[in-house]
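Inside the fold
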Amino acid sequence: MSQELFTINNLWMMIATILVFVMHLGFASLEAGLTRSKNTVNILFKNSIIPAMGILSYAFIGFNIMYPGESFTGHFFGIGGLGLDLPKAGNTAEYSGGYTYWTDFIFQAMFAATAATIVSGAVAERIKLSSFLIFSMIYVGFCYPIVGMWKWGGGFLDTLSTSFYDFAGSSIVHSVGGWAALAGVILLGPRIGKYVKGKVKPIPGHSMPLATLGVFLLWFGWFGFNGGSVLSADPGTVSLVFVTTSIAGAAGAIGAFACSYALFKTNDLTMVLNGILAGLVGITAGADQMGTVDALLIGLIAGILVVLSVVLLDRLKLDDPVGAISVHLICGIWGTLAVGIFGNLASWTQLSSQLIGIGVIGAFSFISSFSIFFIIKKTIGLRVDTKEETEGLDMAEHGMHAYPDIKAAHDQLATL
Amino acid sequence: MSQELFTINNLWMMIATILVFVMHLGFASLEAGLTRSKNTVNILFKNSIIPAMGILSYAFIGFNIMYPGESFTGHFFGIGGLGLDLPKAGNTAEYSGGYTYWTDFIFQAMFAATAATIVSGAVAERIKLSSFLIFSMIYVGFCYPIVGMWKWGGGFLDTLSTSFYDFAGSSIVHSVGGWAALAGVILLGPRIGKYVKGKVKPIPGHSMPLATLGVFLLWFGWFGFNGGSVLSADPGTVSLVFVTTSIAGAAGAIGAFACSYALFKTNDLTMVLNGILAGLVGITAGADQMGTVDALLIGLIAGILVVLSVVLLDRLKLDDPVGAISVHLICGIWGTLAVGIFGNLASWTQLSSQLIGIGVIGAFSFISSFSIFFIIKKTIGLRVDTKEETEGLDMAEHGMHAYPDIKAAHDQLATL
Amino acid sequence: MSQELFTINNLWMMIATILVFVMHLGFASLEAGLTRSKNTVNILFKNSIIPAMGILSYAFIGFNIMYPGESFTGHFFGIGGLGLDLPKAGNTAEYSGGYTYWTDFIFQAMFAATAATIVSGAVAERIKLSSFLIFSMIYVGFCYPIVGMWKWGGGFLDTLSTSFYDFAGSSIVHSVGGWAALAGVILLGPRIGKYVKGKVKPIPGHSMPLATLGVFLLWFGWFGFNGGSVLSADPGTVSLVFVTTSIAGAAGAIGAFACSYALFKTNDLTMVLNGILAGLVGITAGADQMGTVDALLIGLIAGILVVLSVVLLDRLKLDDPVGAISVHLICGIWGTLAVGIFGNLASWTQLSSQLIGIGVIGAFSFISSFSIFFIIKKTIGLRVDTKEETEGLDMAEHGMHAYPDIKAAHDQLATL
Amino acid sequence: MKKIEAIIRTSKFEEVKEALSQMRIRFLSYSEVKGIGLEKAQGQVYRGTAYDADYIQRTKIEIIVAEEQVESTMDCIMKAAYTGEIGDGKVFVIPIENLHRIRNKAEGAAAL
Amino acid sequence: MKKIEAIIRTSKFEEVKEALSQMRIRFLSYSEVKGIGLEKAQGQVYRGTAYDADYIQRTKIEIIVAEEQVESTMDCIMKAAYTGEIGDGKVFVIPIENLHRIRNKAEGAAAL
Amino acid sequence: MKKIEAIIRTSKFEEVKEALSQMRIRFLSYSEVKGIGLEKAQGQVYRGTAYDADYIQRTKIEIIVAEEQVESTMDCIMKAAYTGEIGDGKVFVIPIENLHRIRNKAEGAAAL
Ligand SMILES: Nc1ncnc2c1ncn2[C@@H]1O[C@H](COP(=O)(O)OP(=O)(O)O)[C@@H](O)[C@H]1O
Ligand SMILES: Nc1ncnc2c1ncn2[C@@H]1O[C@H](COP(=O)(O)OP(=O)(O)O)[C@@H](O)[C@H]1O
Ligand SMILES: Nc1ncnc2c1ncn2[C@@H]1O[C@H](COP(=O)(O)OP(=O)(O)O)[C@@H](O)[C@H]1O
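Predicted, not measured: the structure shown is a model, and the values here were computed from it. (Residues numbered from 1 in each chain as written. Chains lettered and ligands numbered in written order. Predicted model: local features only at pLDDT ≥ 70, side-chain atom pairs only at ≥ 80, totals over all residues. Heavy atoms only, no water.)

Counting secondary structure elements, chain D contains two helices and seven strands. When its helices and strands are written in sequence order, chain D yields β-α-β-β-β-β-α-β-β. Taking 13 Å as the expected radius of gyration for a compact globule of 112 residues, we find that chain D reaches 17 Å, considerably beyond that expectation. When its C-alpha atoms are laid out on the principal axes, chain D stretches across 60 × 25 × 20 Å. Evaluated residue by residue, chain D yields a buried proportion of 61% over its 112 residues. Long-range pairs, those at least 24 residues apart, make up 70% of the contacts in chain D between residues at least 6 apart in sequence. Taking the average place of the 17 positive charges on the side chains of chain D and the average place of its 17 negative ones, the gap between the two points comes to 4 Å. (Helix = DSSP H or I, 4+ residues; strand = E, 2+ residues; numbered from the N terminus. Rg over C-alpha atoms; globule rule 2.2 N^0.38 Å. Buried < 20%, exposed > 50% of the residue type's maximum accessible area, 1.4 Å probe, protein only. Contact = heavy atoms within 4.5 Å. Lys, Arg positive; Asp, Glu negative; His and termini not counted. Charge placed at Lys NZ, Arg CZ, Asp CG, Glu CD.)

Written out as structure tokens, the structure is:
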């Protein structure tokens, strides 16, 4: 490969890295927007610390677990060392053709922390900060890279006779986060006041502009998430991925709009926002294998699914303030399945590989996250107490308000 | 062309696509910031659905109308098919040298929806959601690509003896949106309470941080909007475009600052923000043809024009909450004219071609948008009723508030 | 160099330019978030005008002072002309290999204005708008490029026997801004109500989401700030810079978190946010010379330093609402020193060159900024009067509120 | 002296203010209160679940007037705040024992 | 007629509302006030400096009731707002001289 | 017992609070109100049109005090809230018929 092509490929991968980085801001905004202002500092704090912890723990161990090297091909687990160590020729086209060793690491590191960020929204407004941070550290440091290794690190899902296919991580990233979100929600129970005397009481998020900003930043980042997963700047493939990703996101919006209008006769912005994300998660597993009509259908169905799932989870009294389970778990599964149904790879054998992958990843993610949460619950506890929850985590955990001027408008004006 | 150069060019065009995408977030933020909080969900909803609808309808028909193929060279109208269909060699340098077929489509698709987004701000706080969505669908699906075809699709404006010049769309994008904004504003009438007993009553926008965020995101996106319009990564041209664009935006800010300070003895942030956009719109038609001094003058004049126009429109009782007509229509026309006055192309013949383009595009855009709005008005109605407008579109159309914690601070705290 | 490689390099430099541009939005958000809502319009206004003024003045004179040409090698001051003038071959690989003349200018111009933006936060909530704008114009137009020329323009710091090293500007950008912030804070005095009867009274910033948005946008932009300072798209170096930058930012967050928790038993979001920036500023001087462990340590120490510095400045009654001095001055110095302590260049001779650079830059920056502020103070005055400060600069200087709906919720609802 | 308090529709406040100023009452204080009564708040829907806010935003006006103006002021408010539909609100009178203007220490009716 | 005013813990408002509606009092107005009293606000920390807000957010309830309901309404509020800890607040009674319903001009007790 | 209500400049609140606590009045409630009176709001300009908000943000203080403290409390407020310029506000006294402390059911003056 020419030095030029290597440089271009690497440039694109670095830009994709930056775009995936922005998704953390997207998650922070979305989750803050869809929860109450008394818990906003807490959400922002978690979403500021998680990427930091994620990058560091991924540098220390995660990257080595996820890409342990060729000697672990077909395995369930492997470890290639500790910390980062530039291999010989790690900065040349020999390393991979698409990127340097450093780019490889940093692109993957930005992905890693998203798994924990997905959980953050679902368990918001009631989980103890310290408990959540401990969970995230373990989950991002070990569980996520183990699953990632199964496919992307050359593990057993990659070496199935018909290889499990998950282009950019509908399962490997989104479902892994989604299962943990489900485990957390089950073990935590609903927020006080969400289900009263058998009835659902909506708890509206405090800022629709923040939520919208979050979703658009996530879509923005998704060009890097999916586009970067091509692992090179190949013009045809990356641009196709851009098209399928955009069409699926757009179709998700329309699907959720139509479905929620049909069911509730309302134009619910939060559903449209979730619909966009649903479409994006849905296309993620097969973004490079789909035609435009496939992408349209996958997105449309994802948009419908997410609305139905939000309503269903509320029926089941599973309280997920931001719809993380519906978006990332349900549509992550849908997207993974869709690879066997639509596009170039569609076939029964592919579908069964997809089912195997979904099953194995689901079992491992759910059991491991449930166990970690469970042990935390039995030891240091998982949930803040009632008084703290009522008053808001911002005061209880941080001793500060997100909008002090507004909470205390008078005080501010008077004193100063 | 070498595969390397093709890959670089295509990479830049893809990145430009992402940047133009972000402009939708910019518009959403700006429009939400410059209107009242009781209509914020409505604005955000429109600006979330429009890009989705825009991408899908442009995929289905718009792209085929705008670029119908060589057989329609010099025409007024053409259609190249339905839906997207990768041509042979569509992913190679043969397609264009600068980008693949997919990149071509997605870059253009991101542009398309902006025309409707421009309208959205001008008609905000009083238009019916359904009416607006129907209008946008038609306008983005048909009217915008028809105009685009005249120049960029090789139509009759391109084949004038001295070709009409509109580099990145001062007319073809911004004025097209601006004319429709004008038509909508005329047919809707002003917001209740804006003009009372012959006096202008300001209705300040609810969040200056949101408005500022919006303008900076738009500027950010404009690097892709103008820079991408080079249609390759050519170092000299793209970097010149970056310089002229930035200088014009900066000069627009200064022009608006100086003008509004001179007239009203006030440091009006919203005018400076509009000034930045004015400068950017102004340079758009000739960004690759101007020197730095030309760009400075174009931006400065645009910044002054926008302030005068905002005041003038208020005199005429044309109520445009966000200044969309002043920014996109007035400065779009100014920018198109400027190509005949400043820079490489300046000449009387060029100026007359510019005038022809402005006239033809204006006539078509205004008449078509006026007609569509008029038919909607006479059938399903254009405007919400007085009670709904007073209460806010958020409750009337969406049954939700943008900031429920603040609207209902007590309720939230008490219940939970 | 091949045209391909030149095009790629230039493309990366242009993208880095856009990223640095976004940092202005980051500063605007961060500063607005960490100050009170009664001064928000003022902050936003300053941060909208400064980049505009900065780009224009840098085009007119700054660029020519900072890069006066080879005839001034080793000098203290030089000037290469006025305005921008494309040199022969300015758009080809001959100009530099990494970028065109236009790219060179616009990348540097985006840097220039940051120096003033850094000051803006420290002097917020009490400085007169006009005084601040005059200061910024002079400081960005002359002082900043003079310092920049010493190293980046080939001046005397570059030609020291062991060259002073400041990769992307820990000293040349951040400290230069930080010293002026310190001068401004000293001459202005603290905000009314900050230090009462010898006790520190916290004045919390009004919006934690805005502050968080700002920091993430700054981190986002830092990929361009540091990555672009490679001045080419060289895969190995740029990707290493991405890794060291990210690790230092992450470590800064953890350092500040741990330190503020250890000292105050609280999870202070604003400290974590400052910690991220501290880590980023810290790594900036040596981002291309450090290993991952070096970056970790530099970031961690920066994160701790910033917390201690914030507390110390309060003890000294130096009132810096956003922590600009702690982040940009203290950690800028730390980062510059660190080049002599960690990484490839570590040595006593390097350390002494770093000390010389810090001393000379500090002396010049502090004295010049102090003098400018002092003259302004003695002539047109530096600070608004007590009534204006109490009421807020938004009303006093701009006659408008940042959130009129909330300040005047009733009025809005009633009238319309 | 009496204090007249009125709890009215927020959307009627401007009219009431106008009407009062027509009858030369140019002093008043008002604030936001939440009201529970016969009128029901508009339904809202959030993520598939319908609900109502269980209060309505209202404006509370407080005016101190001299004895002889009580009647006319109440009438004025009642006229201007009237729509005839449920939710128009209430007006009532509270005795005031003493009043001072802070600026010049004027007392009683002189302080009005 | 009397106006009962109660300044209670914001967190107790829902219970009080519920208790009142059980005794068929379905009309009331409430608003936010800030209270200063024995109870101290929770400590906050900002950038290394500890401080407290020097007030506590409270809810003020205003209900106009007929003479004969005064006693029972006060009791009801006192029971529902009770925690026994410092900061429970106060209830008090203010005389009302006249009351009108705006919608139909009903006066006095008939307007309740 | 009486309730003293004062409508003062928001910017004077801290001083009033301080002055009251000096005379050992440590209990009070306050809230934001909007005032219309002689003082005019500062002019604003938005997109080329000048206008004023037609109200001024004020702080309303409510304190219940025993009969014998009425006079001194009013004086204290009047002194601390004074600037001498138009817009200083008003203080007035409302009779209270009964008072309970919710925490321990104490009644009347004992509940203060
Ligand atoms: N007895 C009362 N005490 C306090 N506030 C009341 C009382 N009755 C009514 N209000 C206030 O007046 C508002 C309007 O009352 P409502 O019963 O809805 O309509 P109407 O006044 O037309 O009968 C209520 O929302 C409440 O704020
Ligand atoms: N004399 C008073 N006048 C006005 N408000 C009072 C008075 N005393 C108490 N309050 C209000 O009641 C609240 C609770 O009072 P506090 O002294 O904290 O507890 P408790 O009522 O249990 O003695 C205060 O925050 C204040 O709002
Ligand atoms: N008669 C009144 N009833 C209710 N509030 C009043 C009355 N008179 C004055 N106020 C309140 O006092 C504030 C100050 O009054 P203003 O006439 O501006 O100045 P001053 O009190 O110095 O005469 C007003 O904004 C209003 O809130």
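A separate point is the confidence of the model for chain A. Here chain A averages 95 in pLDDT, while 98% of its residues score no lower than 70. Low pLDDT, under 50, characterises residues 408-416 of chain A; the stretch is placed with 35 contacts to residues that sit more than four places away or in other chains. (pLDDT = per-residue confidence, 0-100.)

Residues and elements named next belong to chain B. Running from N to C, helix H8 (residues 269-284) and helix H10 (residues 324-341) point in directions that differ by 40°, and their axes come no closer than 8 Å. With respect to H10, the axis of H8 lies oblique. Crossing handedness for the pair H8 and H10: right-handed. Across the interface between the two elements, Asn 274, Leu 277, Ala 278, Val 281 and Gly 282 of H8 pack against Val 327, His 328, Cys 331, Gly 332 and Gly 335 of H10. Grouping the constituent residues of the contact of H8 with H10 by class yields five nonpolar, five polar and no charged. (Axes fitted to C-alpha atoms, helices over the stretch in contact; angles between N-to-C directions. Parallel < 35°, antiparallel > 145°, perpendicular 65-115°, else oblique. Left-handed = near helix turned anticlockwise from the far one by under 90°. Nonpolar A, V, L, I, M, F, W, Y, C, P; charged D, E, K, R; others polar.)

Note that the two copies of the chain are related through a rotation about an axis and a translation along the same axis. Relative to chain F, chain D is turned by 120° and slid 0.0 Å along the rotation axis, the superposed coordinates differing by an RMSD of 0.0 Å. What the superposition gives is, in effect, a three-fold axis relating one chain to the other. With a heterologous cut-off of 20% or less, the 16% of interface residues of chain D that recur at the interface of chain F puts this contact in the heterologous class. (Least-squares fit on C-alpha atoms with pLDDT ≥ 70 in both.)

Moving on, we come to the pattern of salt bridges. Side-chain pairing between opposite charges can occur once the charged atoms of the two side chains come close. Evaluated as defined, the whole model comprises 60 salt bridges over all chains. Residue Lys 151 of chain B pairs with Asp 158 of chain B through a salt bridge whose shortest N-O separation is 2.8 Å. Residue classification places Lys 151 of chain B among the buried residues on the basis of a relative accessible area of 11%. The exposure class of Asp 158 of chain B is partly exposed, given its relative accessible area of 30%. Residues joined by salt bridges that share partners form a network here, namely Lys 3, Glu 5, Lys 60 and Glu 62 of chain D, Lys 3, Glu 5, Lys 60 and Glu 62 of chain E together with Lys 3, Glu 5, Lys 60 and Glu 62 of chain F. (Salt bridge = Lys/Arg side-chain N within 4 Å of Asp/Glu carboxyl O.)

For ligand 1, the set of nearby residues contains 21 residues, the closest of which are Leu 38, Gly 87 and Lys 90 of chain D together with Ser 29 and Arg 103 of chain E. At the site occupied by ligand 1, the surrounding residues belong to chains D and E. Between ligand 1 and Glu 39 of chain D there is a distance of 3.0 Å, counted from an oxygen atom to a backbone nitrogen or oxygen. At a separation of 3.2 Å, an oxygen atom of ligand 1 approaches a polar backbone atom of Asp 88 of chain D. Contact with the protein chains hides 98% of the accessible area of ligand 1, taken as 550 Å² for the molecule alone. Elements that contribute at least two residues to the shell around ligand 1 include exactly strand E2 (28-36) and strand E6 (89-95) of chain D together with strand E2 (28-36) and strand E5 (56-65) of chain E. Of the residues forming the shell around ligand 1, the biggest block, three residues, is contributed by E5 of chain E. Grouping the constituent residues of the shell around ligand 1 by class yields nine nonpolar, five polar and seven charged. (Near = heavy atom within 4 Å. Polar contact = N/O pair within 3.5 Å; in protein donor to acceptor, adjacent residues only side chain to side chain. Areas by Shrake-Rupley, 256 points an atom, 1.4 Å probe, with all protein chains shown as cover.)

Here we come to the interface of chain A and chain C. Accessible area lost upon the coming together of the parts serves often as the stated size of an interface. Taken together, the contact pairs 52 residues of chain A with 56 residues of chain C. Here chain A meets chain C over a buried area of about 4,500 Å², counting both sides, of which 81% is carbon and sulfur. Across the contact surface, chain A and chain C share zero salt bridges. There are six residue pairs in polar contact (both at pLDDT 80 or more) connecting chain A and chain C. For the side of chain A that touches chain C, the secondary-structure elements that each account for two or more residues are helix H1 (3-33), helix H2 (40-66), helix H3 (101-122), helix H4 (129-151), helix H6 (208-228), helix H13 (393-398), helix H14 (404-407) and helix H15 (409-415) of chain A. The element best represented in the side of chain A that touches chain C is H1 of chain A, accounting for 14 residues. Taken together, the residues that form the side of chain A that touches chain C break down as 36 nonpolar, 13 polar and three charged. (Buried area = accessible area lost by both parts, 1.4 Å probe.)

Take chain A, turn it by 120°, move it 0.0 Å along the axis, and it overlays chain C with an RMSD of 0.0 Å. When the interface residues of chain A are mapped onto chain C, a mere 13% of them again fall at the interface, so the copies present different faces.

On to the site of ligand 3. Within the structure, ligand 3 sits among 21 residues, and Ser 29 and Arg 103 of chain D together with Leu 38, Gly 87 and Lys 90 of chain F are positioned closest to it. Near ligand 3, residues from chains D and F are present, making the site a shared one. In this structure, an oxygen atom belonging to ligand 3 sits 2.8 Å away from a main-chain N or O atom of Leu 38 of chain F. Starting from 550 Å² of accessible surface for ligand 3 in isolation, the protein chains cover 98%. Mapped onto the shell around ligand 3, the elements with two or more residues apiece are E2 and strand E5 (56-65) of chain D together with strand E2 (28-36) and strand E6 (89-95) of chain F. Examining the composition of the shell around ligand 3, we find that three residues originate from one element, E5 of chain D, more than from any other. Split into classes, the residues belonging to the shell around ligand 3 amount to nine nonpolar, five polar and seven charged.

This brings us to the environment of Cys 259 of chain B. Residue and element names in this part refer to chain B. Relative to the assigned elements, Cys 259 resides in helix H7 (residues 235-264). Here Cys 259 falls in the buried class, since its relative accessible area comes to 11%. In this structure, the C-alpha to C-alpha distance between Cys 259 and Leu 308, residues 49 residues apart in sequence, is 8.3 Å. Residues within four places of Cys 259 in sequence aside, it is in contact with Ile 304, Val 307 and Leu 308.

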